[in-house]
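Structural overview
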Amino acid sequence: MSNSIRRRKIALIGAGQIGGTLALLCGQRNLGDVVLFDVVEGMPQGKALDLSHLAPVFGLDFKITGTNNIADIAGADVCIVTSGLPRKPGMSRDDLVKTNADIVKKVAAGIKEHAPGAFVIVITNPLDAMVYLMQKETGFPTSHVVGMAGVLDTARYQAFLAEELNVSVSSVSAFVLGGHGDDMVPVRSYTTCNGIPVGNLIKSDRLDAIEKRVRGAGGEVVALLKTGSAFYSPAASAIQMAESYLFDQRRVLAAAASLKGEYGLKDLYIGVPVIIGKGGVEKVVEIELNENEKKALNESAGRVRELLAIL
Ligand code: TXD
């Protein structure tokens, strides 16, 4: 048996706006070799070729392959799934459910066959329903199938609060829970500026307005772009989750995780704080919520269940 060190392999399923950005970030952050898969002929190959020419400029030694053959993801350590349609102006995330469910089912079969040991991060919308479907279709342990939305929603809350307070984004620590929809739950009681509750620094009507903007931030980007949805920040958010797994960082991150009674919810995926380390989603962190936050989380869970019923 060879005792040589194997390079890590990251499979990006979907080579569109987020997929391409993910490939760039994987290279820049030296996560491992990248396989960019898509059903559109030539596009993943073209993006991979272009990115391979960026490697010498930055002195990066990553190998990147573009492909239309799902078998090329064989042995991937991490699969990040963005395959599906994005929103157009006027569409809700839920409008995508049927089309994207068919795509996620196909992709799940490919991942199950070729990358059975992978940690799977789903980004495709409607997120909470698609990650649930991915876990059911692959049959992978729930620790190894997780949805990315909370890191992004939290980052949006942090960005708006830092702007309001005119402080560094790194001084703001925020939490957003619930489904990745307009009823997500920014948790004010756990949101601080270097430990100082934001409620002590910002008037409550301003905080209401900021939280409303967080809930609509994805739509704000869609309305401006007109041809698709946000892609830089969703890609960065998934990279943070992949790094926590690959480097066993045990970061506490908001992510769509499978609940088995935590927060009084079960048999669904929804955004909650989790610890991600070498075992995947190693723990769902339960925090005490006030009555309003509990009610909002339950309402958000109700919306996720409506989508699951469509599936
Ligand atoms: O926070 C979050 N989770 C999100 C989710 C934030 C922003 C956007 N979010 C969702 O990600 C969005 O609503 C979409 O459902 C996905 C992907 O967004 P992206 O902007 O990357 O969409 P693109 O550019 O249209 O790329 C999707 C690619 C495109 O190239 C298709 O050809 C491909 O998916 N596609 C497939 N790839 C592989 N296999 C199959 N079957 C397939 N079908 C389509």
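Keep in mind the model is a prediction, meaning the values are calculated, not measured. (Residues numbered from 1 in each chain as written. Predicted model: local features only at pLDDT ≥ 70, side-chain atom pairs only at ≥ 80, totals over all residues. Heavy atoms only, no water.)

Inspection of the region around the ligand gives 29 residues, with Gln17, Ile18, Asp38, Leu85 and Met148 positioned closest. In the model, an oxygen atom of the ligand is placed 2.8 Å from a nitrogen or oxygen of the glutamine 17 main chain. Between the ligand and methionine 148, the relevant distance is 2.8 Å, taken from a nitrogen atom to a main-chain nitrogen or oxygen of the residue. Starting from 860 Å² of accessible surface for the ligand in isolation, the protein chains cover 89%. Because more than half of its atoms lie within 2 Å of the grid, the ligand is assigned to the largest pocket. Breaking the shell around the ligand down by element, the ones donating at least two residues are helix 1 (17-28) and helix 3 (97-114). (Near = heavy atom within 4 Å. Polar contact = N/O pair within 3.5 Å; in protein donor to acceptor, adjacent residues only side chain to side chain. Areas by Shrake-Rupley, 256 points an atom, 1.4 Å probe, with all protein chains shown as cover. 1 Å grid on protein atoms, 1.4 Å probe; cavity = no way out; pocket = protein on both sides within 12 Å on 5 of 7 lines; lining within 4 Å. Sits in = over half its atoms within 2 Å of the grid points. Helix = DSSP H or I, 4+ residues; strand = E, 2+ residues; numbered from the N terminus.)

Here we come to the side chain of glutamate 293. Looking at where glutamate 293 falls in the secondary structure, it is placed in helix 8 (residues 291-310). In this structure, glutamate 293 is buried with no salt-bridge partner, the nearest side chain bearing the opposite charge being arginine 188 at 7.3 Å. What glutamate 293 contacts, discounting residues up to four positions off in sequence, is Val185, Val187, Arg188 and Ser189. (Buried < 20%, exposed > 50% of the residue type's maximum accessible area, 1.4 Å probe, protein only. Lys, Arg positive; Asp, Glu negative; His and termini not counted. Salt bridge = Lys/Arg side-chain N within 4 Å of Asp/Glu carboxyl O. Contact = heavy atoms within 4.5 Å.)

Gaps left between atoms show up when a probe the size of a water molecule is rolled over them. Applying the stated rule across the entire model yields 1 cavity of 30 Å³ or more. Around the largest cavity, the lining residues are Ala149, Gly150, Asp153, Val176, Leu177, Gly178, Gly179, His180, Met184 and Gly271. Those elements that place two or more of their residues in the lining of the largest cavity are helix 5 (150-165) and strand 8 (176-177). Here the lining of the largest cavity is composed, by residue class, of 4 nonpolar, 5 polar and 1 charged. (Points joined across faces, edges and corners; volume = space filled by probe spheres on them. Nonpolar A, V, L, I, M, F, W, Y, C, P; charged D, E, K, R; others polar.)

Counting through the fold element by element, serine 258 comes out in strand 12 (residues 251-260). On the basis of relative accessible area, serine 258 is assigned to the buried category, the value being 15%. Of the polar contacts made by the side chain of serine 258, one reaches the side chain of lysine 260; its length is 3.4 Å. In this view, serine 258 contacts Thr142, Leu268, Tyr269 and Val284; residues no more than four positions away in its chain are not counted.

What follows concerns the packing of helix 3 against helix 4 (residues 127-138). Contact geometry for helix 3 and helix 4: axes closest at 9 Å, N-to-C directions at 35°. Of the two elements, helix 3 crosses helix 4, and the hand of that crossing is right-handed. Each of Val97, Asn100, Ala101, Val104, Lys105, Val107, Ala108, Ile111 and Lys112 in helix 3 lies in contact with helix 4, whose residues at this interface are Met130, Leu133, Met134, Glu137 and Thr138. Residues of the contact of helix 3 with helix 4, tallied by class, amount to 9 nonpolar, 2 polar and 3 charged. (Axes fitted to C-alpha atoms, helices over the stretch in contact; angles between N-to-C directions. Left-handed = near helix turned anticlockwise from the far one by under 90°.)

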